[in-house]
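Coordinate analysis (summary)
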Amino acid sequence: MNINDFSQKPIAGRTYAKNEVPPFVITTGNTLLAILSIGNEVVFKGIYAPDFNGQISIDFRGLYDDYLKTLIPTTGTDEIAHVEYRREFTAAFEVYIGEDTPGDTNYVSWYVANARLKSETPFYQWGRANFLTNQPMEKTTNYEAPEWLTWWDPNKTGGYVLTARFYRNNGTSLDIEVKTDTVEGVYSCNVRYSRLVRMANALPSQLKGYYDLILTDENDTEVCRQRYIYEERSGREKYFLFVNALGGIDTLICKGENVLAPDITHNIGRFGHQYRALDDTDDMRRWTQHIGQVPNRQRNWIYELLTAKQGAEKYDPDTMKYLEIVVDSSELSMSDFGQLAGSPFSYILNETENVVADTERPDRSLHQSVADQAEELHDDTKQMEIAFESDGQGGFETDDIEIPATKVYVTDPRSLSTAGESPIYYFLNGSATASGSITPGVDANPYIIDKKEDATIRFATQNANVATLIINYYPTANI
């Protein structure tokens, strides 16, 4: 048999979407051995016998998926080269007699891309003329939203150029070269506004509120174009990145409510005469994200993102980090009657470790406006007022006082005291020798005295201006 005798087969060297690869149809009276491989790795091996019409039909659909991949963005990356997006597969055939293997001439090789395309135009043509996305060609964005575009450069030496074009208020335009390909491949690039505007030699006030991304080929001919319309943030936005059905990377900006609705199971065990909580459950943090109101013409694109199931991320604009997620349910229900529509979907982090990351703290800075809302602190201290009496020798003193505390706050109640006044001495536990002194107008007010809980305290001074002292303390029994 010869591969050229097949009535249907993939065209050698052509690139197909995963759902486009034609099955092999062979007219033969023999049993055939078929082997599908990628490089030196055998993907599939099977033995086929002809049907009643003397034909063998072999379809390898579904075997490509595990070998094709679109990389999702990582923190700090603005460009991605997708080395596993498009790969070459080889099918070989031979008449099966025992353990024979296919001969050198009975094989054909073709390329498969990580894409599913429904179009009258085959992928090898469609992919050369479009960004790998079905998102609206005029898409709204904002300052913090990550926006990615993916494209296929089919030329061996590259030559495709991605250009950002801003439009000045005076009617002229400003072009910025974002990326130039040097080899064949599939590429993704971060084209968020906050990144591109820094490349422009113009102030934002000089520019109109939209910009275009233009892809040109090696002949400087425009291949395709995407427009972004700037929209100011409301503060409610959440950002999700999905690998779409074409294998590109799209950003979905959700303005609806984000609800933490975890699956929590509590197991209780009895140990002796006590019940204890058991840490043997597999709790799962799950969020429900409401997309918010979007134009109903976007419903097919959103359906595609939620059903592609090739990878998704949540972007945190505060930390500028990408968190991998798994969408585990969706309730897509968008009418074509109204102008706006919205639906929720649920997701979990792909990490099995059920721990709250420090990046998930709601605020990473302090706000004076929040501090201004604070109420007066509760005062749990006990307070007493003590008076000085003449000691009969020209000075003044108080009685020995029992205060059940290890720390005493002594306040001079006068609104104004003058530095240089005579000090106030204090005596602990009936001692005739002063344990320390307080100088009005110099020392802190209140002045803090540390003592033993059962020690008494007495005050004495030559300062006739001080008539009373205020004593505050926290009773030890209340701690």
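Here, the structure is the one placed above.
Residues numbered from 1 in each chain as written. Predicted model: local features only at pLDDT ≥ 70, side-chain atom pairs only at ≥ 80, totals over all residues. Heavy atoms only, no water.

1. Observations regarding the overall build of the protein chain
- Broken down by element type, the protein chain carries four helices and 36 strands.
- Taking 2.2 N^0.38 as the reference for a compact globule, 479 residues should give roughly 23 Å; the C-alpha atoms of the protein chain span a radius of gyration of 39 Å, well beyond that estimate.
- Taken along its principal axes, the extent of the C-alpha atoms in the protein chain is 130 × 80 × 45 Å.
- Across the 479 residues that make up the protein chain, the buried fraction comes to 42%.
- Sequence-distant contacts, at least 24 apart, represent 68% of the contacts inside the protein chain between residues at least 6 apart.
- As displayed, the protein chain offers around 26900 Å² of accessible surface, 46% of which is attributable to carbon and sulfur atoms.
- For the protein chain, the distance from the average position of its 43 positive side-chain charges to the average position of its 70 negative side-chain charges is 6 Å. (Helix = DSSP H or I, 4+ residues; strand = E, 2+ residues; numbered from the N terminus. Rg over C-alpha atoms; globule rule 2.2 N^0.38 Å. Buried < 20%, exposed > 50% of the residue type's maximum accessible area, 1.4 Å probe, protein only. Contact = heavy atoms within 4.5 Å. Areas by Shrake-Rupley, 256 points an atom, 1.4 Å probe, with all protein chains shown as cover. Lys, Arg positive; Asp, Glu negative; His and termini not counted. Charge placed at Lys NZ, Arg CZ, Asp CG, Glu CD.)

2. Concerning the pattern of salt bridges
- Scanning the entire structure with this criterion turns up 20 salt bridges.
- Among the ionic pairs, Asp-65 bridges to Lys-18, the shortest N-O distance being 3.8 Å. Of this pair, Asp-65 sits in the loop between β5 (55–58) and β6 (79–81) while Lys-18 sits in the loop between β1 (15–17) and β2 (24–27), and the two are 47 residues apart along the sequence.
- With relative accessibility at 26%, the residue Asp-65 sits in the partly exposed group.
- Take Lys-18: its relative accessible area is 5%, and that puts it in the buried class.
- One salt bridge connects Glu-421 with Arg-414, and the closest N-O pair in it is separated by 2.9 Å.
- The buried category is assigned to Glu-421, whose relative accessible area is 15%.
- Residue Arg-414 is classed as partly exposed on the basis of its relative accessible area, which comes to 22%. (Salt bridge = Lys/Arg side-chain N within 4 Å of Asp/Glu carboxyl O.)

3. Focus on the side chain of Asp-212
- Following the sequence through the fold, Asp-212 ends up in strand β14 (residues 207–216).
- When its relative accessible area of 0% is taken as the criterion, Asp-212 is described as buried.
- Within the structure, Asp-212 has its side chain in polar contact with the side chain of Tyr-167 (distance 2.6 Å).
- There is a polar contact of 2.6 Å between the side chain of Asp-212 and the side chain of Arg-227. (Polar contact = N/O pair within 3.5 Å; in protein donor to acceptor, adjacent residues only side chain to side chain.)

4. Some details on the sheet that holds strand β26 (residues 344–349)
- Here we have seven strands laid out as an open sheet, ordered β17-β16-β23-β24-β26-β21-β18, and antiparallel in their pairing. In this open sheet, the two strands that pair with only one neighbour each are β17 (249–254) and β18 (258–260). The sheet shows a mean angle of 35 degrees between the axes of neighbouring strands, direction not considered.
- Inspection of the sheet shows strand β21 (residues 286–290) paired to β26 by five bridges, in the antiparallel sense. The partner of Thr-288 across the bridge, within β26, is Ser-346.
- Each of β16 (238–243), β17, β24 (321–330) and β26 is contacted by helix α3 (residues 299–308), which is oriented at about 115 degrees to β17, the strand it contacts most. (Pairing = 2+ DSSP bridges. Axes fitted to C-alpha atoms, helices over the stretch in contact; angles between N-to-C directions.)

5. Some words on the packing of aromatic side chains
- Under the definition given, this model contains 24 aromatic pairs.
- Aromatic pair Trp-151 and Tyr-187: ring centres 6.2 Å apart, planes at 35 degrees, arrangement tilted. You can see Trp-151 sitting in strand β10 (residues 148–153) and its partner Tyr-187 sitting in strand β13 (residues 185–190), a full 36 residues away along the chain. In this pair, the class of Trp-151 matches that of Tyr-187, namely buried.
- Through a chain of ring-to-ring contacts, three or more aromatic side chains come together here, namely Phe-6, Phe-24, Phe-44, Phe-60, Phe-93 and Trp-110. (Phe/Tyr/Trp six-rings, centres within 6.5 Å; stacked < 30°, edge-to-face > 60°.)

6. What about the nonpolar core?
- In this structure, Trp-151, Leu-162, Phe-166, Leu-196, Leu-213 and Leu-215 are the most contacted members of the largest nonpolar core, which totals 25 residues.
- Broken down by secondary-structure element, the contributors of at least two residues to this core are β10, β11 (161–168), β12 (173–180), β13, α2 (193–196), β14 and β15 (222–230).
- Here this core takes four residues from β14, the largest share from any one element.
- The contacts of Trp-151, once residues within four sequence positions are left out, are Phe-131, Leu-132, Tyr-160, Leu-162, Lys-179, Asp-181, Gly-185, Val-186, Tyr-187, Ser-188, Cys-189 and Leu-215.
- Ranked by size, the runner-up nonpolar core spans 22 residues in total, among them Tyr-16, Val-21, Val-43 and Val-108. (Core = buried A, V, L, I, M, F, W, Y, C linked by side-chain atoms within 4.5 Å.)

7. Points about the environment of Pro-262
- Tracing the chain through its elements places Pro-262 in the loop between β18 and β19 (267–271).
- Taking C-alpha positions, Pro-262 is 4.3 Å from Arg-285, a pair spaced 23 residues apart along the chain.
- Beyond its immediate stretch of four places on either side in the chain, Pro-262 contacts Met-284, Arg-285 and Arg-286.

8. Observations concerning the sheet that holds strand β9 (residues 138–141)
- The five strands are arranged β9-β15-β14-β11-β12 in an open sheet whose pairing can be described as mixed. Each of the sheet's edge strands pairs with one partner strand only, and the pair in question is β9 and β12. Between one strand axis and the next, the sheet turns through 25 degrees on average, direction left out of account.
- Pairing analysis gives four bridges linking β9 to β15, with the strands arranged parallel. Within β15, the residue paired with Lys-139 across the bridge is Tyr-228.

9. With respect to α3
- What α3 keeps buried is the set Trp-301, Ile-302, Glu-304, Leu-305, Leu-306 and Ala-308.
- Against β9, β16, β17, β22 (294–295), β24 and β26 lie the buried residues of α3.
- Residue Lys-309 follows α3 closely and has a positive phi angle near 55 degrees.

10. Quick word on unusual backbone geometry
- A cis amide bond links Asn-445 to the next residue, Pro-446, at an omega of 15 degrees.
- In this structure, Pro-446 sits in the loop between β33 (436–438) and β34 (447–450).
- Non-glycine residue Asp-220 carries a positive phi angle of around 65 degrees.
- Residue position: Asp-220 is located in the loop between β14 and β15.
- Non-glycine residue Asn-429 carries a positive phi angle of around 60 degrees.

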